[in-house]
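What the coordinates show
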Amino acid sequence: MKKLLILILLVSLCCATALASEDVIPPAEIVDSVTTASVADYYGAFGLSGQELMDAINSQTGFYLVSTVNEDLTPNAAFFIFGCVEDEGKYYIQLGIAENQTRQNILRTGEAVAVYGVAPGADAPFAYATSGARMKLQLVTDEAFTARLNTTGYPGVLFAEIVEVRPLG
């Protein structure tokens, strides 16, 4: 009986090893979770964009979140207040991030997802954020352009262009 049990365990181990090889199971694919997580925007009527979104972000009220992907493909979410500037009809998120994992991820991949949710007022139909935006960001790598956008003079600030805007959910 012990020999049979050992044989079954060895066969199971061999099968598991074979199945785990990249030839049988392909490596994980990176999925664009901004556009594929929800196929319908439940709060679509409450979405913000353009000047209205920039003004709301710069009011420094509401909920702020930036999400990136770590090197091992695990998610990284950071809560901090960011700003928004406009230049020639394009909008840029100003990220004053300390030297941390979120900053390293943005510098490594050149992209992030930012979320801004408007804090609901006392007379709001819902007791939670329904107005705001999910923004797909692309890092600005031109140092001269970054310096021009950095009107606050904040050292080490990153700027990312808002390349896509969707409602909260």
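The rules we used
- Residues numbered from 1 in each chain as written.
- Predicted model: local features only at pLDDT ≥ 70, side-chain atom pairs only at ≥ 80, totals over all residues.
- Heavy atoms only, no water.
- Buried < 20%, exposed > 50% of the residue type's maximum accessible area, 1.4 Å probe, protein only.
- Helix = DSSP H or I, 4+ residues; strand = E, 2+ residues; numbered from the N terminus.
- Arc of directions from axis to C-beta.
- Contact = heavy atoms within 4.5 Å.
- Core = buried A, V, L, I, M, F, W, Y, C linked by side-chain atoms within 4.5 Å.
- Phe/Tyr/Trp six-rings, centres within 6.5 Å; stacked < 30°, edge-to-face > 60°.
- Pairing = 2+ DSSP bridges.
- Axes fitted to C-alpha atoms, helices over the stretch in contact; angles between N-to-C directions.

Attention now moves to helix α3 (residues 50-58). Where α3 is concerned, the buried positions are Leu-53, Met-54, Ala-56 and Ile-57. Viewed end-on, α3 has its buried residues packed into an arc of 165 degrees, placing them on one side of the element. Those residues of α3 hidden inside the fold are in contact with β1 (63-69), β3 (83-87), β4 (90-95), β5 (111-117), β6 (132-139) and β7 (158-166). At the C-terminal side of α3, Gln-60 shows a positive phi close to 55 degrees.

Before going further, it helps to examine the nonpolar core. Judged by nonpolar contacts, the single largest core of 26 residues is most densely connected at Ile-57, Phe-82, Ile-93, Leu-95 and Met-135. Secondary-structure elements contributing two or more residues to this core are α3, β1, β4, β5, β6 and β7. Apart from residues no more than four positions distant in its own chain, Phe-82 is found in contact with Ile-57, Tyr-64, Leu-65, Val-66, Ile-93, Gln-94, Leu-95, Ala-114, Val-115 and Met-135. Of all hydrophobic cores here, the second largest spans 7 residues; its members include Val-85, Val-140, Phe-145 and Leu-149.

Take the packing of aromatic side chains next. Per the stated rule, a full pass over the model turns up 4 aromatic pairs. Centroid distance Phe-80 to Phe-82: 6.3 Å. Interplanar angle 80 degrees. Geometry classified as edge-to-face. This pair shows no difference in class: Phe-80 is buried, exactly as Phe-82 is. An aromatic cluster is built from Tyr-64, Phe-80, Phe-82 and Tyr-116, whose rings are joined through pairwise contacts.

The subject of this paragraph is the sheet that holds strand β2 (residues 75-78). Neighbouring strands of a sheet are bound in pairs by backbone hydrogen bonds; such pairs are parallel or else antiparallel. The strand order across the open sheet built from 7 strands is β2-β1-β5-β6-β7-β4-β3, with neighbouring strands paired in antiparallel fashion. The open sheet is flanked by β2 and β3, the only strands paired with a single partner. Adjacent strand axes in the sheet meet at a mean angle of 35 degrees when their direction is disregarded. Relative to β5, β1 is paired through 5 bridges, and the arrangement is antiparallel. Its bridge partner being in β5, Tyr-64 is matched across the sheet by Tyr-116.

Purely geometric stuff here, so don't read any function into it on its own.
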